[in-house]
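Fold and geometry: a report
The primary structure of each chain is shown beneath.
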Amino acid sequence: MKVRSRLATAAVAATVAAAMLYAGTANAATLFNDDFNDGDRAGWTTSGGTWSVVADGTSVLRQAGTGSDARARAGSAAWADYTVTARVKLTAVNGPNRFAALLARAQSNTSYYYLALRTDNTVELKKLVGGSSTTLATASVAVTTGSWYTLSLRASGSSLQGTVDGAATVSATDSQFATGQVGVATYNAAANFDDVLVADAAGPSPSASPSAGASPSASPRPSSSPSPSASPSPSGPPPNPPGPGQPDGFATVAGYGQATTTGGAGGPTVTVDTTEEFLDYIARTGPYTIQVSGTITLPTGTTDGMHNVTSDKTIVGLGSTARLVGGGLNIGVPISDAVTSPPANAVHNVIIRNLSISGATDDLINVQMFSHHIWIDHNDLSDGGDGALDIKRGSDLLTVSWNRFHDHDKTTLVGHDDANGAQDTGRLRVTYHHNFFDRSDQRNPRVRFSPLVHVYNNYYYDNSYGIASTNESGLFVEGNYFYSVNNPGRVEFSGPLGRMVERNNILVECNHPIEVRGTVTDPATFYPYTVDDPASVPAIVPAGAGTGKI
């Protein structure tokens, strides 16, 4: 798919306008995207190297030469403030310290800003002026030939920010170039590029989160002061938080050719009150808003009680009595260990709201196989046979908000297995906020491999453990209230250690503190948000979470 400018066609303009209207001002408009699934590289100007579109799971742009510099540029020279994101895989190198790069504000083949992923295990934010390079910032990151990485480079005014898989952040200020094209490049290396996305940005704004020194009320015991290991807030998330009834958090972050999460917006609205109608509409192609009326029983049969939801769907309960019983919802194509990058048919753009789901023989909701842009909001989830909400196998860019979890053991898993790094590393980015973990025993959540899971303003009530981070996952935990939780947050759990940063949490009658380790990227890098006073969480979360509240 290619979108070469915001005004490329009337259809593209209408789609972008509809997405912005639904999602609010926090969500950027798509200026350009190319997943190369049309089989060509039309719109790209190349210099050096050997460029072609080939298959690597899905179609990708390949630069096959290793003997010189090579570049490919696209887009408008008039673009000013934007974020460019792409998936990048180094496939061969000629010598030490080679790189593949993402370009922004390109003036020509010899003048631009770039984010270079280098084989010496660094990422560098640099500029090239007339062929002469200057390093603006650098950070350490493990780089393996043959592995995919997601690079993102944001230019807003004189502010520049770069990330690798959402974790390694570099930033600088420079005013050399004010506008320019986007591009990809290699230096004495062969590489594959895919899912190039350009979203506009309205400029930096201060973080919406509270100051680190904010203190809760004196009666409960606050957790330790903000960890110095927290990465500093970069200079600019998108400018405004979304309005009521709209997605927020990671579900609004552009990626994989999708600007934000809109669900069934733009398609027909139907009301269903029978099993047959419900299963028919959730499996249809194209956008639908499916309103659930009353109680619908989901069969078990040969599906083990899991029923597939296709892309571009909003499933929303009517009133406070909409229920799914006996089965669960599956968001994602069938499992395959051999697929290690997002397939062309990955399920995406799904919203599930205001439903009571209970009594499933397996999971209540399962998200798998590189599904992305999912919003799970204001549901009541209980009494499942396995997980209440499991997110696994490369799924990415989800928000889980204002849900009540209760009468359940293994609540919400992010990353299903210690051996699944090939699918999960650098993905599984999830925002959990204002959820009521009401005696839900464990996994609230339990995370593997994710570079960033943001957990804020949740109410933990009488759990054996709250949050667990393993396999170098990055957990940013803030403004939560833990009451009678044996282990509120753990990095020494089972398997490899995780990373966790915490600030301004309240712990009451808890047996252990929140364990902290390592550094974690501040979520304000990706989206705006406001943290409520954690002392108010025991009142506002039970009152607002669950069904019948929207």
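Up top is the structure these notes are about.
The notes below deal with the structure included here. Think of each chain on its own: its residues are numbered from 1, step by step along the sequence as written. Local features in a predicted model are, by the rule used here, given only for residues with pLDDT of at least 70; side-chain atom pairs are given and counted only at 80 or more, and totals for whole chains, interfaces and linings are based on all residues. Processing note: side-chain calculations cover all non-hydrogen atoms of the structure and skip hydrogens and water entirely.

This paragraph deals with the overall build of the protein chain. Assigned secondary structure in the protein chain consists of four helices and 44 strands. Within the protein chain, the fraction of its 550 residues that count as buried is 59%. Only heavy atoms enter the contact rule, under which two residues are in contact if any of them lie within 4.5 Å. Sequence separation of at least 24 residues holds for 69% of the intrachain contacts in the protein chain that already meet a minimum separation of 6. Areas reported here follow the Shrake-Rupley algorithm with a probe of radius 1.4 Å; residue values treat only the protein chains shown as occluding. When the accessible area of the protein chain is evaluated, it comes to approximately 18,500 Å², of which 50% is carbon and sulfur surface. In DSSP terms, a helix is any run of H or I states spanning at least four residues, a strand is any run of E spanning at least two, and both are numbered starting from the N terminus. Burial classification: accessible surface area is computed with a 1.4 Å probe over protein chains only, and a residue below 20% of its type maximum counts as buried, one above 50% as exposed, and the rest as partly exposed.

Further remarks concern the nonpolar core. Joining through side-chain atoms within 4.5 Å is the link that ties buried Ala, Val, Leu, Ile, Met, Phe, Trp, Tyr and Cys residues into a set, and such a set is a nonpolar core. Judged by nonpolar contacts, the single largest core of 57 residues is most densely connected at Phe-278 and Leu-329. In contact with Phe-278, not counting residues within four places along its chain, are Val-272, Ile-290, Val-292, Ile-296, Leu-298, Ile-315, Leu-324 and Leu-329. Counting 43 residues, the second-largest nonpolar core is a separate cluster that includes Phe-32, Ala-72, Leu-151 and Ala-155.

Two strands form a pair only when DSSP identifies at least two bridges running between them. Strand order in the open sheet formed by 10 strands is β18-β19-β22-β25-β28-β31-β34-β37-β40-β43, and the pairing between neighbours is parallel. On the outer flanks of this sheet lie β18 (269-272) and β43 (499-503), each paired with one strand and no other. On average, adjacent strands in this sheet sit at an angle of 10 degrees to one another, irrespective of strand direction. Looking at chain direction, strand β22 (residues 313-317) and strand β25 (residues 348-353) are connected through four bridges and run parallel. Bridge pairing in β25 places Ile-315 opposite Ile-352. Axis lines are fitted through C-alpha atoms, for helices just across the contact stretch, and the angle between N-to-C directions can take any value from 0 to 180 degrees.

Take the pattern of salt bridges next. We define a salt bridge as a side-chain nitrogen of Lys or Arg found within 4 Å of a carboxyl oxygen belonging to Asp or Glu. Throughout the structure, instances matching the rule amount to 22 salt bridges. Overlapping salt bridges, with partners in common, bring together Asp-380, Arg-404, Asp-438, Arg-439 and Asp-462 in one network.

Spatially, β3-β6-β15-β8-β9-β10-β11 is the arrangement adopted by the seven strands of the open sheet, whose pairing is antiparallel. At either margin of the open sheet sits one strand with a lone partner, and together these are β3 (45-47) and β11 (132-140). Taking the axes of each pair of neighbouring strands and ignoring which way they run, one obtains an average angle of 20 degrees across the sheet. Where strand β10 (residues 122-129) lies against β11, eight bridges are found, and the strand directions are antiparallel. Residue Thr-122 lies in a different strand from β11, and its bridge partner there is Ser-140.

What follows deals with the packing of aromatic side chains. Two rings belonging to Phe, Tyr or Trp (six-membered ring only in the last case) form a pair when the distance between their centres is within 6.5 Å. Interplanar angles under 30 degrees mark stacking, angles over 60 mark edge-to-face geometry, and anything in between is tilted. Counted under the stated rule, the structure contains 22 aromatic pairs. Ring centres of Tyr-461 and Tyr-483 lie 5.3 Å apart, and the angle between their planes is 15 degrees; on these two criteria the pair is classed as stacked. Taken together, the positions of Tyr-461 in strand β38 (residues 459-461) and Tyr-483 in strand β41 (residues 481-483) put the pair 22 residues apart, joining distant regions of the chain. What makes Tyr-483 partly exposed here is its relative accessible area of 24%. Here a set of aromatic residues connected by ring pairs shows up, and it is made of Phe-32, Phe-36, Trp-44, Trp-79 and Tyr-82. Note on geometry: a ring has a charge over it if NZ (lysine) or CZ (arginine) is within 6 Å of the ring centre and within 35 degrees of the ring normal. A cation sits over an aromatic face here: Arg-87 above Trp-148, 4.1 Å from the ring centre.

Attention now moves to empty space enclosed by the protein. Any residue with an atom within 4 Å of a point lines the site, the site being either a cavity, points on a 1 Å grid over the protein atoms alone where a 1.4 Å probe fits but cannot get out, or a pocket, an open set with protein on both sides within 12 Å along at least 5 of 7 lines. Grid points are joined across faces, edges and corners, and a volume is the space filled by probe spheres set on the points. The full count for this structure, using the stated rule, is one cavity of 30 Å³ or more. Here the largest cavity defines a volume of roughly 50 Å³. Lining the largest cavity, in full, are Arg-87, Trp-148, Tyr-149, Thr-150, Asp-165, Thr-425, Gly-426 and Arg-427. No other element matches the three residues that strand β12 (residues 148-156) contributes to the lining of the largest cavity.

Let us look at unusual backbone geometry. The peptide bond linking Asn-444 to Pro-445 adopts the cis configuration, its omega dihedral lying at 5 degrees. Relative to the elements of secondary structure, Pro-445 occurs in the loop between β35 (436-438) and β36 (446-448). At Trp-402, a residue that is not glycine, the phi angle is positive and equals roughly 55 degrees. Here Trp-402 lies in the loop between β31 (396-401) and β32 (404-406). What makes Trp-402 buried here is its relative accessible area of 19%. A positive phi angle, near 55 degrees, is found at Glu-509, a position not held by glycine. With respect to the helices and strands, Glu-509 occurs in the loop between β44 (506-508) and α4 (537-544).

Buried within helix α2 (residues 275-282) are the following residues: Phe-278, Tyr-281 and Ile-282. Axial view of α2: buried residues confined to an arc of 95 degrees, hence all on one face. Note that the arc is defined by the directions from the helix axis to the C-beta atoms.

Those residues of α4 lying buried are Val-537, Val-541 and Gly-544. Buried residues of α4, viewed axially, fall in a sector of 85 degrees; they line one side. Residues of α4 that are exposed and point more than 90 degrees away from the buried face comprise Ala-539 and Ala-543. Looking at the buried positions of α4, the neighbouring elements they touch are β35, β38 and β41. Remark: Gly-546 follows α4 within two positions and exhibits a positive phi of approximately 95 degrees.

By themselves, these observations are geometric and do not establish any function.
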